[in-house]
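Remarks on the overall topology
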Amino acid sequence: MSSLLILDKVRTLLKRWAKENNLILEELGDSSAILREGDNTIFIKFLIYEDIPDIDDLNRQITLLASKRSEYNKMYILTGRDTVSILDGKLLKKVGIGVLVVDFDNEEIREVLQSPAVSVKKTYDIDISKIENYIKNIVEKYVKNEIEKVYDLVRSIEERVLNIEKMLSNMKSYKQDIEDIWNVIDRLKLEIERLKNMCTDTSARPVKEEAVEVSRREEKIEMPEYLKDNPWIQIIANKSVR
Amino acid sequence: MLADESRYKLKYTYAEDFGTGYFKYGPITLGEKPRMIQSRGLLLRDLPESIKMLIPKTVLERGVVVGDDVTKYLSSIRDAARNLRQPLKDGIVRKDDEDAWKIIKELIRFGFSQFYPEVANQPDFRGYYTVIALSALAPDYMREKVMELHREVDEEFEGKLIAAVTVIDQPFAVAIAEKAVTCSVIEAGHGNIQVVPISYGPIREGIVALNRGGAEANAITREILKDAGYGDLARDEYVIEIVKREIGLVPRNLKEAIRKAREDPKRFAIKVKIGPLVEIELVEQSWMRFLIGEIIFNPKHEEFTSYIQTGRLVIEDVVVGDMVFYGEMDLAEALIQSVKKTPVEIQEKIVSSIILSGGAFNWNVPPGLEDVACTSTEKIRIMMSEKVPDMADKLNVRMVKDPQYSVWRGAIIYGYALPTSVKWNERYKEGWYTWK
């Protein structure tokens with residue numbers, strides 16, 4: 001028989017064997033099969049050779065299988081009668097791998113070495129899209145909110161800085177007003193001094209006009225002619241709150 | 001006054017003179033002369049839709065124009081006679097005359113809008129100190145309303161235009177401009193004559209009002225034109241104004257002047273060219289020229305009796321509020337009555353300094369007629385000397401130097417000098433009123 005035909009035969013016989021042993025065939029590939037027995041998973045590796053295989057090669061296959069042993073509750077190799085005779089039974093027992101023999105003449109599969117059931121590492125079905133959504137939600141719910149809070153805080157800080165700048169500018173103009181007032185006070189002080197001197201000084205020496213420091217911001221404003229020498233100005237200026 | 005306040009007021013004092021004929025306005029920085037526009041407004045109603053579309057929206061919303069814009073829109077208005085209004089009659093606006101108040105407000109806004117753009121950018125500008133000159137006879141409601149209108153206009157400028165306002169009587173402003181601290185101001189306008197004694201301020205109890213003015217001179221001119229055969233020209237107010245100014249004379253003594261004019265009419269004859277094609281001439285009726293000037297000073301002459309009795313001339317007393325406006329009282333009598341109401345110790349001072357102001361005193365003496373005609377100042381001196389002979393040597397009567405500008409200047413001086421700390425006093429009607 002060619003290997004394709006053999007493979008086809010093996011698959012058919014395996015299906016029958018699974019049925020006979022109340023096993024559920026979950027996967028049936030070209031080189032292996034996975035079955036389920038209650039909660040146990042059973043991995044069956046096809047090692048079907050047309051001729052007697054090389055032992056090293058065989059052991060290598062078994063070693064490879066052994067590295068995956070903990071992934072399944074039970075593990076078997078499915079092989080022909082010729083191959084069974086050269087299998088290292090001690091090794092197989094040691095690694096917990098069972099043997100199934102396919103008998104093409106009688107068209108059956110027999111268990112020749114039991115595989116002890118071992119507990120397996122649990123693997124999870126990870127749905128990447130679910131993880132993505134989950135992360136998205138977390139970002140939406142927490143991270144974005146936090147970022148917005150930070151923005152609000154930055155904005156309010158900006159506003160306060162602007163207010164402070166405005167206050168500083170107002171303070172500058174208040175400072176200018178205060179300087180003006182001091183200028184006026186200085187001039188008034190000088191005027192008072194001059195008047196005092198006039199009152200206390202009985203000699204005939206002329207009163208020296210004090211030079212008054214004029215603010216550099218004072219501008220020369222023309223007084224209209226009709227305002228000059230008008231007695232009404234003093235009369236009106238002397239009006240006070242009645 | 002503090003140096004800073006003085007400096008500020010030298011830049012930002014603003015005055016308005018609300019005359020019946022002209023509105024004079026402007027800040028102190030204008031110098032000697034205010035700006036002037038006619039005291040009238042054109043109400044923008046009865047406009048064709050096609051014209052409305054051409055008028056700026058803001059102008060249409062205000063609903064009234066003043067100044068040069070009146071001529072611009074006048075031809076588009078359907079009922080010009082109803083919509084072209086002079087808000088002031090004898091210097092007074094009637095309380096319930098909404099159209100007139102609208103025009104007054106527009107005059108105020110118009111005036112300020114010419115100066116505000118320039119000062120708005122000045123870092124020291126905090127608003128104009130505004131003095132409003134009104135007739136001495138203006139009732140309280142008018143003062144209040146005008147101040148209120150200023151507040152409304154200030155709001156249109158976001159409260160940055162006006163620092164405060166105050167009101168002053170026009171005759172008082174004249175006295176201030178003339179630097180006369182104790183005097184009597186006689187303000188003769190188109191509708192009335194106000195005699196106001198002044199002594200460091202107006203003496204309100206001494207105000208005497210006469211119910212006549214330039215309008216009566218116009219009325220007698222109209223009758224003269226009719227009698228002289230110019231009845232059709234007599235209907236035109238523009239013609240009457242020109243004729244009045246050209247032919248009117250003030251007689252030293254009316255009886256004497258009429259006698260001389262009747263004896264020698266050619267001496268007093270006159271021709272007046274109204275336009276390129278129209279001329280009037282008075283020869284036989286030339287004696288009537290003296291009636292035009294005399295009616296201002298003394299309408300009691302028998303010459304006026306026939307006009308009054310036939311209803312061609314109306315001279316009568318009226319009462320406005322609590323003020324009596326005398327129709328026939330002559331000017332000298334009015335002056336004496338006014339002075340009598342002042343404190344005795346200042347009466348001599350007041351009557352010895354008389355200032356005449358107003359267009360109704362604007363009369364010339366043609367060369368060669370000096371023996372019969374005189375100026376207004378001379379007329380007052382003559383009348384007063386006849387009534388109070390003892391005062392003859394002490395009388396000092398003068399015309400204001402600039403009749404058109406005196407009130408505005410006086411208002412500017414008042415605004416400049418009045419300390420900003422003096423707040424409006426309802427009892428004395430003085431001080432700065434502010435809404436800030």
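Model, not experiment: these values are computed from the prediction.

Of the regular secondary structure elements, chain A holds six helices and six strands. Mapped in sequence order, the helices and strands of chain A form the string α-β-β-β-α-β-α-α-β-β-α-α. Taken over 242 residues, chain A has a buried fraction of 14%. The contacts of chain A with a sequence gap of at least 6 include a subset with a gap of at least 24, amounting to 48%.

Time to look at the interface of chain A and chain B. Taken together, the 20 residues of chain A in the interface contact 27 residues of chain B. Contributing elements (two or more residues each) for the side of chain A that touches chain B: helix 5 (128–200) and helix 6 (231–237) of chain A. Top contributing element to the side of chain A that touches chain B by residue count: helix 6 of chain A, with six residues. Here the residues of the side of chain A that touches chain B sort into 13 nonpolar, two polar and five charged.

Moving on, we come to the pairing of strand 3 (residues 40–47) of chain A. Residues and elements named next belong to chain A. Direction of pairing for strand 2 (residues 32–37) relative to strand 3: antiparallel, over a ladder of six bridges. Residue pairing across strands places serine 32 opposite lysine 45, the latter belonging to strand 3. Counted along the chain from strand 2 to the antiparallel partner strand 3, the turn is two residues long, and its residue glycine 38 has a positive phi close to 65°. Bridge count for strand 3 against strand 4 (residues 74–79) is six bridges, and the pairing is parallel. In the sheet register, phenylalanine 43 faces strand 4, and the bridge partner there is methionine 75. Crossover handedness for the path strand 3 to helix 2 (residues 55–67) to strand 4: right-handed.

All right, on to the sheet that holds strand 5 (residues 97–103) of chain A then. Residue and element names in this part refer to chain A. Taken in spatial order, the six strands of this open sheet run 1-2-3-4-5-6, and their pairing is mixed. Of all the strands in the sheet, just strand 1 (24–28) and strand 6 (108–113) have a single pairing partner and so form its edges. Recorded for the sheet is a direction-independent mean angle of 25° between the axes of neighbouring strands. In this sheet, strand 5 lies alongside strand 4 in parallel orientation, the contact comprising five bridges.

Attention now goes to the sheet that holds strand 10 (residues 193–199) of chain B. All names here are of chain B. If you walk across this open sheet you meet the seven strands as 15-16-11-10-9-17-19, and the pairing is mixed. The outermost strands of the open sheet, each flanked by one partner alone, are strand 15 (318–320) and strand 19 (397–399). Across the sheet, the axes of successive neighbouring strands diverge by a mean angle of 25°, strand direction being ignored. Pairing of strand 11 (residues 208–210) with strand 16 (residues 323–326), which is carried by two bridges, proceeds in the parallel orientation. Counted as the bridge partner of leucine 210 is tyrosine 326 from strand 16.

Another point: the confidence of the model for chain B. All names here are of chain B. Of all residues in chain B, 98% attain a pLDDT of 70 or more, and the chain-wide mean is 90. Mean pLDDT in chain B bottoms out at helix 2 (residues 49–52), which sits at 73, and peaks at strand 7 (residues 128–134), which reaches 97. Listed scores for the predicted complex are pTM 0.64 and ipTM 0.87.

Let's shift gears to helix 2 of chain A. Over its 13 residues, helix 2 of chain A runs 18 Å from end to end, which matches the ideal 18 Å to within 8%, given 1.5 Å per residue. The buried fraction of helix 2 of chain A is low, at one of 13 residues.

Moving on, we come to the pairing of strand 16 of chain B. All names here are of chain B. As judged from the three bridges shared by strand 15 and strand 16, these two strands associate in the antiparallel manner. Pairing of valine 318 across the sheet is with phenylalanine 325, part of strand 16. In this antiparallel pair of consecutive strands, strand 15 and strand 16, the connection spans two residues, and glycine 321 shows a positive phi of 65°.

B:Ala133, B:Ala173, B:Leu335, B:Ala411, B:Ile413 and B:Tyr414 are the most contacted members of the largest nonpolar core, which has 130 residues in total. Here this core gets eight residues from one element, more than from any other, and that element is helix 19 (residues 406–417) of chain B. Lining this core are residues from two domains, each supplying at least three of them: domain 1 (3–40 + 86–177 + 404–417) and domain 2 (206–399) of chain B. When neighbours within four sequence positions are excluded, B:Leu335 is seen to be in contact with B:Ser184, B:Ile186, B:Val195, B:Val351 and B:Met384. The next biggest cluster of nonpolar side chains, apart from the first, holds 24 residues, and it includes A:Ile42, A:Leu92, A:Ile97 and A:Val99.

Definitions and cut-offs
- Residues numbered from 1 in each chain as written.
- Chains lettered and ligands numbered in written order.
- Predicted model: local features only at pLDDT ≥ 70, side-chain atom pairs only at ≥ 80, totals over all residues.
- Helix = DSSP H or I, 4+ residues; strand = E, 2+ residues; numbered from the N terminus.
- Buried ≥ 20, exposed ≤ 12 C-beta atoms within 10 Å, placed from the backbone.
- Contact = placed C-beta atoms within 7 Å.
- Nonpolar A, V, L, I, M, F, W, Y, C, P; charged D, E, K, R; others polar.
- Pairing = 2+ DSSP bridges.
- Right-handed = clockwise from strand over helix to strand, strands pointing away.
- Axes fitted to C-alpha atoms, helices over the stretch in contact; angles between N-to-C directions.
- pLDDT = per-residue confidence, 0-100.
- Expected span 1.5 Å × (residues − 1).
- Core = buried A, V, L, I, M, F, W, Y, C linked by C-beta atoms within 7 Å.
- Domains from an automatic or database assignment.

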